[in-house]
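# An overview of the molecular structure
Listed here are the chains, written in short residue letters.
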Amino acid sequence: MSTAALPAHHSWQPSAPSPRRTQRLAEILDLLTTRGAMSVGALCGELQVSPATLRRDMTHLQDQGLVSRTRGGARANTGPELPVRLRDTKSPLAKHAIAVTAAALLPTDRPLAVAIGGGSTTAEVARELGHRQRLTIVTNALTTAAAVAARPNLQVIMTGGVIRASSFELVGSLAENAFNGINVNLAILGADGVSAAHGVTTHDHTEARTNHAMVTHAHRLMVVADGSKVGQTTVAKVADASEIDILVTDPSADPDELARLTGLGVTVHLARISADVSLRLS
């Protein structure tokens, strides 16, 4: 039995949302996560969009399993953690500036091995390191690996593990065993929260255990987190604040919390969000 090829114009793949729409989808999830179920009218008022636009966005999020429609509104299905495919839309200028600052702190005069965790900010750091020579990157994050996998000048090593759908990280015993079998100069971690009282925290216990294995086998720990994460605490602990050697954040971070972290021996670097960065990202 013969089969005819699909016409050249036919494609089964859905078109990707525009950057503006992707940002709006993230804003909808943020609102539903922080406030609970909301009406269509309330969401339209917050986002300054028409009901027709909002209905299209809600249908897209519902098709992704991220929201459930209610009578006259919607509620989030995502829990407190924003899916990784929407995180890049949050604080993009700050994240890029943090990545530039963090990458500049790594020495270039000798071979270096770094472990890089998951998250949009750490993936941005990996991109900034893409031109380096004599650099080995070990990662359990598909997003981080994708950022540097095509760079022939780098050696990129991925762990095994079970993929977390919300973060695209490989976690569990396979990932932990991989980190237990290596030693790196530096671990670079993102965080859902970083505070003097509770250290580095994330939303998922399995992810926290995997990241803890990474930290245990690194000589130094660098945390990269935008200012909204500083002073926050989430449910699963990765490391004590005293284990952090370097924190790279932005000027929006709470200065009192930064002072407390500095008092524990953390070296804090504030990334400068310049007009040049804004121009490059516009």
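What you see is a predicted model; the values in this text were computed from it and never measured.

## Focus: the nonpolar core
The biggest cluster of nonpolar side chains holds 30 residues, and the ones touching the most others in it are L221, V223, L247 and L261. Among the elements of the structure, β4 (112–116), β9 (184–189), α9 (205–216), β12 (218–224), β13 (236–239) and α10 (255–263) are those that each provide at least two residues to this core. The leading source of residues in this core is α9, at four residues. Contacts of V223, omitting those with residues within four sequence positions, involve L189, A191, V200, I244, I246, L247 and V248.

## Brief notes about the side chain of S120
The topology assignment puts S120 in helix α6 (residues 120–128). Residue class for S120 comes out buried when judged on its relative accessible area of 8%. For S120, the side chain forms a polar contact with the side chain of K95, separated by 2.8 Å.

## Concerning the environment of A97
Structurally, A97 can be placed in helix α5 (residues 92–104). A C-alpha to C-alpha distance of 5.5 Å links A97 and A271, two positions 174 residues apart in sequence. Contacts of A97, omitting those with residues within four sequence positions, involve A271, R272 and I273.

## With respect to the sheet that holds strand β11 (residues 199–202)
Pairing is antiparallel in the open sheet, where three strands are placed in the order β10-β11-β13. The open sheet has two edge strands, β10 (193–195) and β13, and neither has a second partner. Averaged over all pairs of adjacent strands, the angle between strand axes in this sheet comes to 30°, irrespective of strand direction. Bridge count between β10 and β11: three bridges; the pairing is antiparallel. Across the sheet, residue V194 finds its bridge partner in β11, namely V200. Here α9 sits on the sheet and contacts β11 and β13; the angle it forms with β13, its principal contact strand, is near 5°.

## With respect to the pattern of salt bridges
Going through the model one piece at a time under the given rule, you end up with nine salt bridges. R164 is paired through a salt bridge with D204; the nearest N and O atoms lie 3.6 Å apart. With a gap of 40 residues between them, R164 in strand β7 (residues 162–164) and D204 in the loop between β11 and α9 connect regions that are remote in the sequence. Judged by relative accessible area, which is 12%, R164 ranks as buried. In this structure, R260 and E257 form a salt bridge, with 2.8 Å as the shortest nitrogen-oxygen distance. Within this pair, R260 and its partner E257 are both found in helix α10, separated by three residues, close to a single helical turn. Judged by relative accessible area, which is 44%, R260 ranks as partly exposed. Owing to a relative accessible area of 8%, E257 belongs among the buried residues under this scheme.

How each quantity is defined
Residues numbered from 1 in each chain as written. Predicted model: local features only at pLDDT ≥ 70, side-chain atom pairs only at ≥ 80, totals over all residues. Heavy atoms only, no water. Core = buried A, V, L, I, M, F, W, Y, C linked by side-chain atoms within 4.5 Å. Buried < 20%, exposed > 50% of the residue type's maximum accessible area, 1.4 Å probe, protein only. Helix = DSSP H or I, 4+ residues; strand = E, 2+ residues; numbered from the N terminus. Contact = heavy atoms within 4.5 Å. Polar contact = N/O pair within 3.5 Å; in protein donor to acceptor, adjacent residues only side chain to side chain. Pairing = 2+ DSSP bridges. Axes fitted to C-alpha atoms, helices over the stretch in contact; angles between N-to-C directions. Salt bridge = Lys/Arg side-chain N within 4 Å of Asp/Glu carboxyl O.

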